[in-house]
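So the chains spell out like this:
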Amino acid sequence: MRVNQLAEKVGVTPDTVRYYTRIEMLSPTKSTDNGYKNYSTEDEKRLIFILKARHLGFSVSEIKEIISLSKTGKSPCCRVRKIVQMHLDETKQKIAELQLLSGHMQHAVDTWKSMPDSTPDGNSVCDLIEMWEDVDLYTTA
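Residues numbered from 1 in each chain as written. Predicted model: local features only at pLDDT ≥ 70, side-chain atom pairs only at ≥ 80, totals over all residues. Heavy atoms only, no water.

Some details on the environment of M115
Item 1. Topologically, M115 is positioned in the loop between α5 (77–112) and α6 (127–130).
Item 2. C-alpha of M115 to C-alpha of I129: the two residues are 14 residues apart in sequence and 12 Å apart in space.
Item 3. Excluding residues that lie within four positions of it along the chain, M115 makes contacts with L128 and M131. (Helix = DSSP H or I, 4+ residues; strand = E, 2+ residues; numbered from the N terminus. Contact = heavy atoms within 4.5 Å.)

Put into structure tokens, the structure is as follows:
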């Protein structure tokens, strides 16, 4: 099948198929008659695998590593578990950071809603931020 057929069958754009082909995660054969790339059912299975892995948060390099392990005959499942756990831990950390940020922002909104707007006078940019004291400058990027 050609790129458009594979893309439609799997539910992605042709550019997605071309991308994974360009980075050598799909291996179509090239027709000697017309030069078109022909994708096999193995390419279809591989693309579905890639998409499932991406939806689970795996990076392209991690997926390549998993495929490579599989090709050697070794089970990649142990590595997959480790990667997912690592991503889960990172995600939980990001959520915690975002919840903290959300709390700071809500506190600012509540505090600032009754405050008047100020006009920059050359010595200040925005009084709302400059007067803000609910921040540790050494832990905030």
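Some thoughts on the nonpolar core
Item 1. Grouped together as the largest cluster of nonpolar side chains are 21 residues, with contacts concentrated most on V17, Y20, M25, L26 and L47.
Item 2. Going through the elements one at a time, α1 (3–10), α2 (14–22), α3 (41–55) and α4 (60–71) are the ones with two or more residues in this core.
Item 3. The contacts of M25, once residues within four sequence positions are left out, are Y20, R46, I50, V60, I63, K64 and I67. (Core = buried A, V, L, I, M, F, W, Y, C linked by side-chain atoms within 4.5 Å. Buried < 20%, exposed > 50% of the residue type's maximum accessible area, 1.4 Å probe, protein only.)

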